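Here is how the chains run, residue by residue.
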Amino acid sequence: RHFLLMAPPASIAGAGVARVLSIQSHVVHGYVGNKAAVFPLQVLGVEVDAINSVQFSCHTGYPLFTGQVLQGDALWELVRGLEGNKLLEYTHLLTGYIGSASVLRTVLRTLTAIRQVSPDAAYLCDPVLGDGGKLYAPAELVSIYKDEVVPLATMLTPNQFEAELLTDITIATESDAFAACEHLHAKGVHTVVITSAHLDEPQAQGSITLLASRRQAAEGSAAGSRPSRYRIDIPKIESTFTGTGDLTAALLLAWTHRLGEDALAQALENTVASVQAVLKRTCEEGRADRELCLVQSVADVTNPSVQLRVRARTV
């Protein structure tokens with residue numbers, strides 16, 4: 001057989017086209033990590049290259065799971081191959097579950113390499129550390145996220161527990177949540193979305209609350225300008241799901257890119273609408289494994305029907 005070797009084009013990313021490197025977990029069965037993120041990004045018109053931080057048979061909530069964990073040197077070997085072929089022209093880096101300090105630090109090395117090629121590349125970091133008061137990532141990662149990762153992130157999408165870990169602020173009220181957001185803004189994060197919080201407030205009873213804060217861009221904005229803040233109270237669905245955070249982060253990336261950073265409110269509404277539709281369909285299907293019915297919900301991903309509106313909050 002004969003193969004024609006061609007030099008890569010000078011620029012791969014077309015005007016306005018998002019090109020994402022997604023470094024997350026992978027499962028053979030189910031929808032978490034890259035399995036929950038790549039498909040919705042692609043159907044929303046985003047080019048995605050995926051690196052799997054772990055490759056497991058299924059997520060770790062099953063009685064048995066098997067597989068392999070990527071190490072930092074193996075990750076860098078993959079990135080080196082991309083770099084050598086001039087394939088690091090990404091508009092975004094997206095990261096989710098990272099299983100070791102060596103991989104997390106190699107992620108930062110990867111971000112540096114991407115920004116050397118594309119200085120404006122955005123970094124959307126979902127700091128997957130734990131939930132509900134339980135840490136399920138190595139404890140040593142908390143300080144690395146705090147001191148090394150957070151200052152480089154463009155958008156951060158922690159849940160309540162992760163936001164508390166990263167800021168040392170206990171979140172019980174909306175004010176607490178936005179204080180945590182302000183702490184993260186001060187570290188350099190442009191947009192913070194606390195994707196799920198259980199607030200001790202009368203208006204939050206029976207709901208999961210999403211809170212978001214967007215810092216005004218430094219260029220062309222007045223010194224000391226106040227961030228834009230938003231809240232959505234989402235009715236609880238009485239069930240347990242996996243992969244919702246991964247799906248949420250991917251949808252936020254897609255919609256903020258498509259609509260522009262000034263349309264964060266609409267991006268939040270679209271994201272929540274799609275996630276809620278996927279969860280409702282998953283309940284209706286009655287799947288024994290409770291895996292997200294993501295493929296069956298493609299129309300809800302590409303054309304979300306917004307039912308819940310954001311409320312702008314004052315600073």
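Before any of the text, the structure's been laid out above.
Summary of the structure given here.

Procedures and definitions
- Residues numbered from 1 in each chain as written.
- Predicted model: local features only at pLDDT ≥ 70, side-chain atom pairs only at ≥ 80, totals over all residues.
- Heavy atoms only, no water.
- Helix = DSSP H or I, 4+ residues; strand = E, 2+ residues; numbered from the N terminus.
- Rg over C-alpha atoms; globule rule 2.2 N^0.38 Å.
- Buried < 20%, exposed > 50% of the residue type's maximum accessible area, 1.4 Å probe, protein only.
- Contact = heavy atoms within 4.5 Å.
- Areas by Shrake-Rupley, 256 points an atom, 1.4 Å probe, with all protein chains shown as cover.
- Lys, Arg positive; Asp, Glu negative; His and termini not counted.
- Charge placed at Lys NZ, Arg CZ, Asp CG, Glu CD.
- Axes fitted to C-alpha atoms, helices over the stretch in contact; angles between N-to-C directions.
- Parallel < 35°, antiparallel > 145°, perpendicular 65-115°, else oblique.
- Left-handed = near helix turned anticlockwise from the far one by under 90°.
- Nonpolar A, V, L, I, M, F, W, Y, C, P; charged D, E, K, R; others polar.
- Polar contact = N/O pair within 3.5 Å; in protein donor to acceptor, adjacent residues only side chain to side chain.
- Salt bridge = Lys/Arg side-chain N within 4 Å of Asp/Glu carboxyl O.
- Phe/Tyr/Trp six-rings, centres within 6.5 Å; stacked < 30°, edge-to-face > 60°.
- Lys NZ or Arg CZ within 6 Å of the ring centre and 35° of its normal.

Concerning the overall build of the protein chain
So, point 1. Scanning the protein chain for helices and strands turns up nine helices and 12 strands.
So, point 2. Here the protein chain has a C-alpha radius of gyration of 19 Å; the compact-globule value for 315 residues is 20 Å, and the two agree.
So, point 3. Counting only residues that meet the buried cut, the protein chain has 50% of its 315 residues in that class.
So, point 4. A separation of at least 24 residues holds for 70% of the contacts in the protein chain among residues at least 6 apart in sequence.
So, point 5. When the accessible area of the protein chain is evaluated, it comes to approximately 14,700 Å², of which 52% is carbon and sulfur surface.
So, point 6. Positive and negative side-chain charges in the protein chain, numbering 25 and 32 respectively, have mean positions lying 2 Å apart.

Thoughts on the packing of helix H3 (residues 101-117) against helix H4 (residues 140-149)
Packed helices, taken two at a time, are described by the angle between their axes plus the distance between the axes.
So, point 1. It is the contact of H3 with H4, at a shortest axis distance of 10 Å, that shows an interaxial angle of 15°. Considering their axes alone, H3 and H4 lie roughly parallel with respect to each other. Considering only the axes of H3 and H4, their crossing is right-handed. Contacts from Ala101, Leu104, Arg105 and Leu108 of H3 reach H4 at Glu140, Leu141, Ile144, Tyr145, Glu148 and Val149.
So, point 2. Looking at side-chain class alone, the contact of H3 with H4 contains seven nonpolar, no polar and three charged residues.

Comments concerning helix H5 (residues 160-167)
So, point 1. Counting buried positions along H5 gives six out of eight residues, so the element sits mostly inside the fold.
So, point 2. When we look at burial in H5, the residues that qualify are Gln160, Phe161, Glu162, Ala163, Leu166 and Thr167.
So, point 3. On its buried face, H5 sits against strand S6 (130-131), strand S7 (134-135), H4, strand S8 (155-156), helix H6 (174-187) and strand S9 (191-197).
So, point 4. The backbone nitrogen of phenylalanine 161 has a side-chain oxygen 3.1 Å away, supplied by the residue at the start of H5, namely asparagine 159.
So, point 5. Just downstream of H5 lies aspartate 168, where phi reads positive at about 60°.

A look at the pattern of salt bridges
So, point 1. Following the criterion strictly, the structure yields 14 salt bridges and no others.
So, point 2. With a closest N to O distance of 2.8 Å, arginine 231 and glutamate 174 form a salt bridge. Within this pair, whereas arginine 231 is found in strand S11 (residues 228-235), its partner glutamate 174 is found in helix H6, the two being separated by 57 residues in sequence.
So, point 3. The network of salt bridges with common partners includes Glu174, Glu201, Arg231, Asp233, Arg311 and Arg313.

A word on the environment of glutamate 174
So, point 1. Residue class for glutamate 174 comes out buried when judged on its relative accessible area of 13%.
So, point 2. Apart from residues lying up to four places away in sequence, glutamate 174 is in contact with Leu199, Glu201, Leu211, Arg231 and Arg313.

A short note on the packing of aromatic side chains
So, point 1. The tally for this structure, following the rule as stated, stands at one aromatic pair.
So, point 2. The lysine or arginine in question, lysine 35, covers the ring of tyrosine 31, its NZ or CZ lying 5.3 Å from the ring centre.
So, point 3. The ring of tryptophan 76 carries arginine 109 above its face, with NZ or CZ at 3.8 Å from the centroid.

With respect to the side chain of threonine 209
So, point 1. Tracing the chain through its elements places threonine 209 in strand S10 (residues 207-214).
So, point 2. Residue classification places threonine 209 among the buried positions, given a relative accessible area of 0%.
So, point 3. In this structure the side chain of threonine 209 is engaged in a polar contact, spanning 2.7 Å, whose partner is the side chain of aspartate 233.
So, point 4. Sequence-distant contacts of threonine 209, defined by excluding residues within four places in its chain, comprise Ile194, Thr195, Ser196, Ala197, Leu199, Ala204, Arg231, Ile232 and Asp233.

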